[in-house]
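# Secondary and tertiary structure notes
What follows is each chain in one-letter form.
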Amino acid sequence: MSDDRVLEHILNPSAPVSANLAQIEEDPVPTSQQEVEAKKYEVAAVNLAEAGKYDESLAEFNKAITVAPNLASLYNNRAQLYRLQGRNEEALSDIESALRLSGGKGKTAMQAYSQRALMEMLNKNEEAARLDFERSAELGGKFAACQAAKLNPYAKMCNQMLEKAMQELQ
């Protein structure tokens, strides 16, 4: 994220962040019969996960990946399930697969970078998290743009200076 964008976010936090974000590039539409079938399993898996049926969800994700092992979104979404289950190493492995298969582009990559950044935050690695949030923001991630701005060392310094100035004015 450029310094100008960070500064704009600090000085005008209520402005819509999306004004400076890239348009989110949608993932390619499934074309093969296998990809279409895998997407059906993926939708079922997400619905099961949302219902708290994690074991059933995992079975559906595994079926989807068996049918179409090159669809990045399958790995990214299964990573979310693994995170919900506290299986962080498996989640990270799936995130890496999602990023590799997506080529670091598109909606899946945007989400995967944010997921990896959140995991880095849990591990107290703010610099790695900031870099992944920035990558996600470059792909159009609004949440990631806000998080990257909060983690930017220049933004932190500016916030401290502004806070000090405000205290002196009181």
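The structure displayed is predicted, hence computed values, not measured ones. (Residues numbered from 1 in each chain as written. Predicted model: local features only at pLDDT ≥ 70, side-chain atom pairs only at ≥ 80, totals over all residues. Heavy atoms only, no water.)

It is worth spelling out the packing of helix H5 (residues 88–102) against helix H6 (residues 106–122) at this point. When two helices pack together, their arrangement is given by the angle between the helix axes and by the axis-to-axis distance. At a closest axis distance of 9 Å, the pairing of H5 and H6 adopts a crossing angle of 150°. With respect to each other, H5 and H6 are oriented roughly antiparallel. The interaxial crossing formed by H5 with H6 has left-handed handedness. Two secondary-structure elements touch here, H5 through Asn 88, Ala 91, Leu 92, Ile 95, Glu 96, Ala 98, Leu 99 and Ser 102 and H6 through Thr 108, Ala 109, Ala 112, Tyr 113, Gln 115, Arg 116 and Met 119. Residue classes in the contact of H5 with H6 are distributed as nine nonpolar, four polar and two charged. (Axes fitted to C-alpha atoms, helices over the stretch in contact; angles between N-to-C directions. Helix = DSSP H or I, 4+ residues; strand = E, 2+ residues; numbered from the N terminus. Parallel < 35°, antiparallel > 145°, perpendicular 65-115°, else oblique. Left-handed = near helix turned anticlockwise from the far one by under 90°. Contact = heavy atoms within 4.5 Å. Nonpolar A, V, L, I, M, F, W, Y, C, P; charged D, E, K, R; others polar.)

Quick look at the environment of Glu 25 now. Positionally, Glu 25 belongs in the loop between helix H1 (3–11) and helix H2 (33–50). A relative accessible area of 48% means that Glu 25 is categorised as partly exposed. Between the alpha carbons of Glu 25 and Lys 105 there is a distance of 7.6 Å; along the sequence they are 80 residues apart. Every residue in contact with Glu 25, bar those within four places of it in the chain, is listed here: Gly 106, Lys 107 and Leu 139. (Buried < 20%, exposed > 50% of the residue type's maximum accessible area, 1.4 Å probe, protein only.)

By themselves these figures say nothing about function.
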